[in-house]
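Coordinate analysis (summary)
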Amino acid sequence: MKTAICYYSRHHGNTLKVLEAMAREGQVDLIDVTTRQTVRLEGYDCVGFASGIYFGKFHDSVPAFARQYLPQRKPVFFVCTYGGGKGAGTEALREIAKEKGCPVLGEFGCKGYDTFGPFKLVGGIAKGHPDEEDLKNARKFYREILERNAQV
């Protein structure tokens with residue numbers, strides 16, 4: 001199964017670490033949403049969207065990208081990393097998926113090292129994350145996505 005995962009990962013690269021672990025499980029193309037390119041997602045069996053959580057939500061570039069490029073009725077899933085908590089992180093993407101008639105196959109989230117804002121003063125939070133257990137869980141999640149999508 002061919003998968004595209006469209007992502008935003010900066011700061012400490014937590015989200016990209018998780019996605020690279022997932023990509024080792026199958027045929028996955030990682031697409032950085034900040035590189036302005038023409039993107040064709042129609043040829044993929046499913047599409048993932050991923051970001052760190054910023055003030056309780058995905059980085060604004062990810063929902064904007066999904067709104068522009070996500071084809072109708074394409075199965076989707078979501079991946080996020082967060083220092084404190086994920087909040088309502090996937091809400092905007094779930095709404096876009098609903099508008100486009102896309103089934104949501106699931107979502108994965110794990111802690112990610114965070115030194116943003118006041119966390120920098122205390123040396124950050126979620127130090128050492130994503131760790132090997134987080135990456136193992138991410139790979140397991142992606143294998144389950146493959147199984148779910150085969151049934152859709």
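Keep in mind the model is a prediction, meaning the values are calculated, not measured.

Quick notes on the overall build of the protein chain
- When helices and strands are counted, the protein chain shows 4 helices and 6 strands.
- Reading the secondary structure of the protein chain in the N-to-C direction produces β-α-β-β-β-α-β-α-β-α.
- Sorting the 152 residues of the protein chain into buried and exposed places 49% on the buried side.
- Of the contacts formed within the protein chain by residues at least 6 apart in sequence, a portion of 78% connects residues at least 24 apart.
- As presented, the protein chain carries roughly 7,700 Å² of accessible surface, and 49% of it is formed by carbon and sulfur atoms.

Regarding the pattern of salt bridges
- Counted under the stated rule, the structure contains 6 salt bridges.
- Notably, a salt bridge pairs Glu-25 with Arg-143, separated by 3.1 Å at the nearest N-O pair. Of this pair, Glu-25 sits in the loop between helix 1 (14-23) and strand 2 (27-32) while Arg-143 sits in helix 4 (residues 132-151), and the two are 118 residues apart along the sequence.
- On the accessibility criterion, Glu-25 (26% relative accessible area) is partly exposed.
- Residue Arg-40 pairs with Glu-42 through a salt bridge whose shortest N-O separation is 3.7 Å.
- Assessed through its relative accessible area of 61%, Arg-40 is described here as exposed.
- Residue classification places Glu-42 among the partly exposed residues on the basis of a relative accessible area of 44%.

Considering the nonpolar core
- Among the nonpolar cores identified, the biggest contains 25 residues, and Cys-6, Leu-41, Phe-49 and Phe-65 are the most heavily contacted of them.
- Elements represented by at least two residues in this core include exactly strand 1 (2-8), strand 3 (46-54), helix 2 (61-69), strand 5 (76-82) and helix 3 (91-99).
- Beyond its immediate stretch of four places on either side in the chain, Cys-6 contacts Ile-31, Val-33, Leu-41, Val-47, Gly-48, Phe-49, Ala-50, Val-62 and Phe-65.
- In terms of nonpolar packing, the next biggest core, distinct from the first, is built from 20 residues, Val-28, Cys-110, Tyr-142 and Ile-145 among them.

Considering the pairing of strand 1
- Of all 7 residues in strand 1, 6 are buried, a share of seventy percent or more.
- By the bridge criterion, 6 bridges tie strand 1 to strand 2 in an arrangement that is parallel. Note that in strand 2 the partner of Thr-3 across the bridge is Val-28.
- Of the strand pairs in this sheet, strand 1 and strand 3 are connected by 6 bridges, and their pairing is parallel. Its bridge partner lying in strand 3, Ile-5 is registered against Gly-48.

Observations concerning the side chain of Ser-61
- By the secondary structure assignment, Ser-61 is in helix 2.
- Polar contacts involving the side chain of Ser-61 include one to the side chain of His-59, which spans 2.8 Å.
- Sequence-distant contacts of Ser-61, that is, excluding residues within four places in its chain, are made with Tyr-8 and Val-33.

Thoughts on helix 3
- For helix 3, the set of buried residues is Leu-93, Ile-96 and Ala-97. Projection of helix 3 onto a plane perpendicular to its axis shows the buried side chains occupying an angular sector of 100 degrees, all on one side. Of the exposed residues in helix 3, those oriented more than 90 degrees away from the buried face are Glu-91 and Lys-98.
- Two residues or fewer past helix 3, Gly-101 is found with a positive phi of approximately 70 degrees.

The rules behind these values
Residues numbered from 1 in each chain as written. Predicted model: local features only at pLDDT ≥ 70, side-chain atom pairs only at ≥ 80, totals over all residues. Heavy atoms only, no water. Helix = DSSP H or I, 4+ residues; strand = E, 2+ residues; numbered from the N terminus. Buried < 20%, exposed > 50% of the residue type's maximum accessible area, 1.4 Å probe, protein only. Contact = heavy atoms within 4.5 Å. Areas by Shrake-Rupley, 256 points an atom, 1.4 Å probe, with all protein chains shown as cover. Salt bridge = Lys/Arg side-chain N within 4 Å of Asp/Glu carboxyl O. Core = buried A, V, L, I, M, F, W, Y, C linked by side-chain atoms within 4.5 Å. Pairing = 2+ DSSP bridges. Polar contact = N/O pair within 3.5 Å; in protein donor to acceptor, adjacent residues only side chain to side chain. Arc of directions from axis to C-beta.

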